[in-house]
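# Structure at a glance
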Amino acid sequence: MKLTKFTHACIRLEKDGRVLVLDPGTFSETGRALAGAAAVLITHEHADHIDVDAVSGALLADQELELHAPAGVAAQLREKGPAAAERIHTVAAGDTFDAAGFAIRSFGGQHALIHPQIPVVANVGYLVDANVYHPGDSFAIPDGIDVQTLLVPIHAPWNKVGEVVDFVIGVRAPRAFPIHDALLNDMGRGLIEAHVTRIGARYGTEYRHLASGDSVEV
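The rules behind each value
- Residues numbered from 1 in each chain as written.
- Predicted model: local features only at pLDDT ≥ 70, side-chain atom pairs only at ≥ 80, totals over all residues.
- Heavy atoms only, no water.
- Salt bridge = Lys/Arg side-chain N within 4 Å of Asp/Glu carboxyl O.
- Helix = DSSP H or I, 4+ residues; strand = E, 2+ residues; numbered from the N terminus.
- Buried < 20%, exposed > 50% of the residue type's maximum accessible area, 1.4 Å probe, protein only.
- Pairing = 2+ DSSP bridges.
- Axes fitted to C-alpha atoms, helices over the stretch in contact; angles between N-to-C directions.
- Contact = heavy atoms within 4.5 Å.
- Expected span 1.5 Å × (residues − 1).
- Arc of directions from axis to C-beta.
- Polar contact = N/O pair within 3.5 Å; in protein donor to acceptor, adjacent residues only side chain to side chain.

Under the definition given, this model contains 5 salt bridges. The residue lysine 5 makes a salt bridge to aspartate 181 at a minimum N-O spacing of 3.2 Å. Linking lysine 5 in strand β1 (residues 2–5) with aspartate 181 in the loop between β12 (175–179) and α5 (186–202), this pair joins segments that are 176 residues apart in sequence. A relative accessible area of 2% places lysine 5 in the buried class. Look at aspartate 181 and you get buried, because its relative accessible area is 5%. For arginine 189, the salt bridge is made with aspartate 186, and the minimal N-O distance between the two is 3.1 Å.

Right, dumping it as structure tokens:
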């Protein structure tokens, strides 16, 4: 399949003429990412992972578009666009389903802790076609399957470099690409990616930088 990275956590997957989009948030080029999409997967409710107005508008504009998200996100979108309610599906960790012809398995269930005084929200990671894993805002490692393509949250208010590296080591996917990087400048990105590249290689993971708009076959 073809994988295209957009700014921050948004990923577009294309296969056999079908398009699946993950986490089109307010930091991302949501219009471009959603163009022609058949299904959308949302990991959690934070705005950098879902642009509610853009996604709701897309659901109302395209009567074929389906969306899968944790319960809170799904409820919010149904309330905002009742006409699309039947095409908005609730997902929990451990679910398996089809989205736009892609086989999906969900993992995790909880957003990583930012601070004890900041509420923890639901977060679902998605494994697409037993290949691409998008963890959302967590380091939950899929169990019972070998991930082929890992999307790595390389920077966030809830992580540190050592945890990023340990996530890559824990999953041990053959290839990895960055997500969740909009808050980094070039110096910070270079520092983090150097650690991930060097240490990940020791455990069999080839890490490659993708800029916004870059595409790769996976």
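So that's the structure; there's more coming.
Here the focus is the sheet that holds strand β4 (residues 39–41). The sheet built from 7 strands is open, its strands ordered β6-β5-β4-β3-β2-β1-β14 with mixed pairing. The open sheet terminates on both sides in strands that have one partner only, identified here as β6 (88–90) and β14 (215–217). If you compare each strand with its neighbour and ignore which way they point, the axes differ by 20 degrees on average. Lying on the sheet, helix α3 (residues 71–80) is in contact with β5 (66–69) and β6; it crosses β6 at an angle near 155 degrees.

This part is about the sheet that holds strand β10 (residues 132–134). The 7 strands lie next to each other as β7-β8-β9-β10-β11-β12-β13, forming an open sheet whose pairing is mixed. The open sheet terminates on both sides in strands that have one partner only, identified here as β7 (96–99) and β13 (206–207). The pairing of strand β8 (residues 102–110) with strand β9 (residues 122–128) spans 7 bridges and is antiparallel. Within β9, the residue paired with glutamine 110 across the bridge is alanine 122. Running at roughly 165 degrees to strand β11 (residues 149–153), helix α4 (residues 161–171) makes contact with β10 and β11 of the sheet.

Under the 1.5 Å per step criterion, the end-to-end length of α5 is 24 Å for 17 residues, consistent within 8% with the ideal 24 Å. Taken together, the buried positions of α5 are occupied by Arg189, Ile192, Glu193, Val196, Ile199 and Gly200. End-on view of α5: buried residues confined to an arc of 150 degrees, all on one side of the axis. Counted as exposed and oriented over 90 degrees from the buried face of α5: Asp186, Met187 and Arg202. Two to three positions downstream of the cap, the backbone nitrogen of methionine 187 sits 3.2 Å from a side-chain oxygen, assigning the N-cap of α5 to asparagine 185. Two residues or fewer after α5 comes glycine 204, characterised by a positive phi angle close to 90 degrees.

Here the phi dihedral of alanine 130 falls at roughly 50 degrees; this positive angle occurs in a residue that is not glycine. By the element assignment, alanine 130 lies in the loop between β9 and β10. Of note, arginine 172 is a non-glycine position whose phi angle comes to about 55 degrees, a positive value. Within the secondary structure, arginine 172 is located in the loop between α4 and β12. Owing to a relative accessible area of 49%, arginine 172 belongs among the partly exposed residues under this scheme.

Take the pairing of strand β3 (residues 18–22) next. Where burial is concerned, most of β3 is hidden: 4 out of the 5 residues are buried. For strand β2 (residues 11–15) and β3, the ladder comprises 5 bridges, and the chain directions are antiparallel. Along β3, the bridge assignment pairs glutamate 14 with valine 19. Two successive antiparallel strands, β2 and β3, enclose a turn made up of 2 residues, where aspartate 16 displays a positive phi of approximately 50 degrees.

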